[in-house]
Amino acid sequence: MSATRAGRGYWLYLAPSAVLILAVIVVPFGMNVAASFTRWSGVGAPRWIGLDNYARLLRDERFWQSFQHNVALIVAMAIVPTLLGLVLAAALFTLRGRRLPSVLRAAYYLPQVLPVAVAGVVWGWLLNPSYGPLGARNWLGDPDYALATVMAIMVWFQLGYPVVIFMAGLQRVDPALYEAAALDGASWWRRFWHVTVPQIRPEIFVVLLTCTIAALKVFGPIYVLTRGGPGNATMVPSYFSYLNFFERLNVGYGSAIATVLAVVILLVTVAFLRVQERA
Amino acid sequence: MRRGALPAALAVLALTMVAPFGIVALNAVKSRRDYTANGPFSLPDGLSFEALADFWVRVDYGQKLANSLVISGSVAVLAVLLSVLNAYAIGIGRVRGRMWVLVLFLAANTLPQEALVYPLYYLAKATGLYDTRLAVIIIFTVIQSAFGTYLLSAVLGQFPREILDAAHIDGAGRFRALWSVVVPISRPTLSVLLIFFFIWTWNEFFLPLIFLVSNDNQTVPVVLGLLQGEKMMDATMSSAAALLGIVPAVAFFLIFQRTLTRGVTVGAIK
């Protein structure tokens, strides 16, 4: 009897969050989904149009391009930093001494401490074509280079995160494994591939998942560096929805984009967790 | 590989990573004339705080720092409080259906802000909270505590039962047990969360950009993001702006470095 009563009493502690989550997350998300079935400028009554916004999305070249750019940013923000981070963490781990590895690690991590919008301001200045130190070419204003430039900046920004996490993971690895591999005459690369990588697999999953989600949500650097341009060259779904909400007053269409983005993020998360469970 | 080649290569990469910080700092303290005459890569021929002062006054940077501090500080404290209450019910109270409650919290934290922003904007306007720091504080308290609940529930799930039983035998009620037993013992984890919430909120851009439109309410990232690329900014003033955005972030990093690295890894391994 006391156990059930105890369980019931604890619900009280969830009450403040229940109210807040309802007001800030559940109801707004529901409203967003509902708005995606309407034509609405933000004022007046929304007009129900069923799946028209989604049908329009499928035909909208800008929308498809924005998702392609998102894939490019997943490469720049998740895949490249993870691969480089693995090699760097393993290399730092083989360095002798304590001081040098931690100083180097801090240097790689430094960009990560910046607000991502400030990182954008830094690079916007460095690359400014009229007065920036690296502005010899209009890197961000040229449709042929803009996306690649944003990708390079994001690699710079993200690299430190996997390095820190992987180095922490490596401390768990039993040194005997490396000694055994060395006795067998395994080269550095073979030890890396057969000892390091399998041992820190949990960390690799976490990094890939969190960075992929971050890449899908990316907004700050796009807003600060290129505003999706030139033309459509760096458009991403989050900026595309923002544009529809607040500049074009196509709230219904913006909501449809945001809903699709939410579903994609949900699917990616579930897929990762599934694979992780099996691994 | 030759000895010394590896450390050298790693050091070169480290220098490349921090070079933008150096170039920004170098040019933020140059006079305009110096910049025009000698370009961005020369050492400053004397310290000039002209650009920094110009930018500071122009955007009322002190006010922006204060806004960021108030918002991030409030969110950190409130979100830790909420996380503790939730995690107490889930981790120690083991309420029924806690798995689903946790899934809801996790979803609340992963949902893209784009899928909440317009309704939140609409609701804030309807309730008179639009363009107030309070609106941003409430929203981020919920988002951060959703993550905090997830992490802290796992930690409190391992909480030693005997200590709680002893407290109950001594006549402590549930709230007493939380306040004078669970919270003090979990202090290290709570302080990691507090620092993380503070820094994450400090770094936020998207929602503050939309909610804080008047000059008096803007945060540091918002004011910098809005000014980026503006015609009135010249080379030294832009670098001064970038430096003023970098300094607080790097200061937090240096102050909290140990907690942060510990926290990043705690978060990673769940």
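What you see is a predicted model, and the numbers here were worked out from it, not measured in a lab.

Caption draft 1: A look at the overall build of chain A. Secondary structure summary: chain A contains 14 helices and 2 strands in total. Its C-alpha atoms give chain A principal-axis dimensions of roughly 75 × 75 × 30 Å. For chain A, long-range pairs separated by at least 24 residues make up 68% of all intrachain contacts whose partners lie at least 6 apart in sequence. As presented, chain A carries roughly 12800 Å² of accessible surface, and 65% of it is formed by carbon and sulfur atoms. A distance of 8 Å separates the average location of the 21 positive side-chain charges in chain A from that of its 11 negative side-chain charges.

Caption draft 2: Structural context of the interface of chain A and chain B. Across the boundary between the two partners, chain A contributes 80 residues, which contact 80 residues of chain B. Carbon and sulfur atoms supply 80% of the area buried between chain A and chain B, which totals about 7000 Å² over both sides. It is Y10(A), Y13(A) and W125(A) in chain A that bury the most area against chain B; as a group they hold 12% of the surface buried on that side. Linking chain A with chain B are 0 salt bridges. The interface formed by chain A and chain B contains 8 residue pairs in polar contact (both at pLDDT 80 or more). Looking at the side of chain A that touches chain B, its residues break down into 61 nonpolar, 14 polar and 5 charged.

Caption draft 3: Just the confidence of the model for chain A, in detail. Residues and elements named next belong to chain A. With 97% of its residues at a pLDDT of 70 or more, chain A has an overall mean of 91. Within chain A, the element-level pLDDT minimum falls on helix α1 (residues 2–10), averaging 56, and the maximum on helix α7 (residues 146–158), averaging 97. Scored below 50 in pLDDT, residues 1–6 makes 2 contacts in the model with residues more than four places away or belonging to other chains.

Caption draft 4: Representation of the packing of helix α4 (residues 61–94) of chain A against helix α8 (residues 160–170) of chain A. All names here are of chain A. The geometry of α4 relative to α8 is characterised by a closest axis approach of 8 Å and an angle of 45° between their N-to-C directions. Regarding the angle of α4 to α8, the classification is oblique. Crossing handedness for the pair α4 and α8: right-handed. The residues of α8 that touch α4, namely those facing P81, T82, G85, L86, L88, A89, A90, L92 and F93, are P162, V163, F166, M167 and L170. Split by residue class, the contact of α4 with α8 holds 12 nonpolar, 2 polar and no charged.

Caption draft 5: Structural view of the nonpolar core. By size, the foremost hydrophobic cluster in this structure holds 186 residues, and its most contacted members are I25(A), Y108(A), Y239(A), F55(B) and F211(B). Apart from residues lying up to four places away in sequence, I25(A) is in contact with L20(A), A108(B), L111(B), L116(B), V142(B) and I143(B).

Caption draft 6: Quick peek at a nonpolar patch on the surface. All names here are of chain B. A cluster of nonpolar side chains, V77, L78, L81, F175, W179 and L194, forms an exposed patch at the surface whose accessible area comes to about 570 Å². Sorting the residues of the nonpolar patch by element identifies α4 (61–92) and α9 (174–185) as the ones contributing at least two each. In terms of residue count, the dominant contributor to the nonpolar patch is α4 (3 residues). Mapped onto the secondary structure, W179 falls in helix α9.

Caption draft 7: Just the UniProt feature "domain: ABC transmembrane type-1" (unreviewed entry) in chain A, in detail. Per the UniProt record, "domain: ABC transmembrane type-1" (unreviewed entry) is annotated on residues 67–272 of chain A. Across residues 67–272 of chain A, helical content stands at 75% and strand content at 0%; the span's end C-alpha atoms are separated by 19 Å.

Caption draft 8: Quick peek at the UniProt feature "transmembrane region" (unreviewed entry) in chain B. All names here are of chain B. Following the UniProt record, the feature "transmembrane region" (unreviewed entry) maps to residues 65–88, 100–122, 134–156, 177–199 and 239–256 here. With 87% helix and 0% strand, the stretch residues 100–122 has end C-alpha atoms that lie 29 Å from each other. Helix and strand shares over residues 134–156 are 100% and 0% respectively, and the end C-alpha atoms of the span are 30 Å apart.

Caption draft 9: Fine view of the pattern of salt bridges. Throughout the structure, instances matching the rule amount to 4 salt bridges over all chains. Between R172(A) and E203(A) there is a salt bridge, with its nearest N and O atoms 2.6 Å apart. Of this pair, R172(A) sits in the loop between α8 and α9 (175–183) while E203(A) sits in helix α11 (residues 201–217), and the two are 31 residues apart along the sequence. Of the residues examined, R172(A) reaches a relative accessible area of 44% and is grouped as partly exposed. Looking at E203(A), the relative accessible area reads 2%, which means it is buried. For R32(B), the salt bridge is made with E50(B), and the minimal N-O distance between the two is 3.1 Å. Placement of R32(B) in helix α2 (residues 32–38) and of E50(B) in helix α3 (residues 50–59) is noted, with a sequence separation of 18 residues between them.

Caption draft 10: Up close: the environment of F198(B). All names here are of chain B. Mapped onto the elements, F198 comes out in helix α10 (residues 187–203). Sequence-wise, F198 and Q144 are 54 residues apart; in three dimensions their C-alpha atoms are separated by 9.5 Å. Leaving out residues up to four positions away in the same chain, F198 has contacts with L69, S72, G73, A76 and F252.

Caption draft 11: Seen up close, the side chain of S153(B). Residues and elements named next belong to chain B. Along the polypeptide, S153 turns up in helix α7 (residues 133–157). Among the residues examined, S153 registers a relative accessible area of 5% and is labelled buried. Discounting residues that sit within four places of it in the chain, S153 has contacts with A87, I90, G91 and L102.

Caption draft 12: Region of interest: the packing of aromatic side chains. Residue and element names in this part refer to chain A. Enumeration according to the criterion identifies 46 aromatic pairs over all chains in this entry. Seen in terms of ring centroids, F240 and Y253 are 6.3 Å apart; in terms of plane orientation they differ by 80°. Their pairing is edge-to-face. Taken together, the residues span a long stretch of sequence, with F240 in helix α13 (residues 237–246) and Y253 in helix α14 (residues 251–278) at a distance of 13 residues. As far as the burial class goes, F240 and Y253 line up, both buried.

Caption draft 13: Quick look at a positive patch on the surface. Residue and element names in this part refer to chain A. Together, R39, R47, R56, R59 and R248 make up a positively charged patch on the protein surface. Tracing the sequence through the fold places R39 in strand β1 (residues 38–39). Since its relative accessible area comes to 49%, R39 is described here as partly exposed.

Caption draft 14: Region of the structure containing the environment of R201(A). Along the polypeptide, R201(A) turns up in helix α11. Along the sequence, R201(A) and G229(A) sit 28 residues apart, while their C-alpha atoms lie 38 Å from each other.

Caption draft 15: Inspection of unusual backbone geometry at higher detail. Residue and element names in this part refer to chain A. Cis geometry is found at the peptide bond from G229 to P230, where omega equals -5°. Mapped onto the secondary structure, P230 falls in the loop between α12 (220–225) and α13. Even without being glycine, L249 reaches a positive phi, approximately 55°. Inspection of the secondary structure puts L249 in the loop between α13 and α14. What makes L249 partly exposed here is its relative accessible area of 45%.

Parameters at a glance
Residues numbered from 1 in each chain as written. Chains lettered and ligands numbered in written order. Predicted model: local features only at pLDDT ≥ 70, side-chain atom pairs only at ≥ 80, totals over all residues. Heavy atoms only, no water. Helix = DSSP H or I, 4+ residues; strand = E, 2+ residues; numbered from the N terminus. Contact = heavy atoms within 4.5 Å. Areas by Shrake-Rupley, 256 points an atom, 1.4 Å probe, with all protein chains shown as cover. Lys, Arg positive; Asp, Glu negative; His and termini not counted. Charge placed at Lys NZ, Arg CZ, Asp CG, Glu CD. Buried area = accessible area lost by both parts, 1.4 Å probe. Salt bridge = Lys/Arg side-chain N within 4 Å of Asp/Glu carboxyl O. Polar contact = N/O pair within 3.5 Å; in protein donor to acceptor, adjacent residues only side chain to side chain. Nonpolar A, V, L, I, M, F, W, Y, C, P; charged D, E, K, R; others polar. pLDDT = per-residue confidence, 0-100. Axes fitted to C-alpha atoms, helices over the stretch in contact; angles between N-to-C directions. Parallel < 35°, antiparallel > 145°, perpendicular 65-115°, else oblique. Left-handed = near helix turned anticlockwise from the far one by under 90°. Core = buried A, V, L, I, M, F, W, Y, C linked by side-chain atoms within 4.5 Å. Buried < 20%, exposed > 50% of the residue type's maximum accessible area, 1.4 Å probe, protein only. Patch = residues over 30% accessible without salt bridge, like charges linked within 9 Å, V, L, I, M, F, W, Y side chains within 5 Å. UniProt positions renumbered as here; feature names shortened; annotations may be inferred. Phe/Tyr/Trp six-rings, centres within 6.5 Å; stacked < 30°, edge-to-face > 60°.

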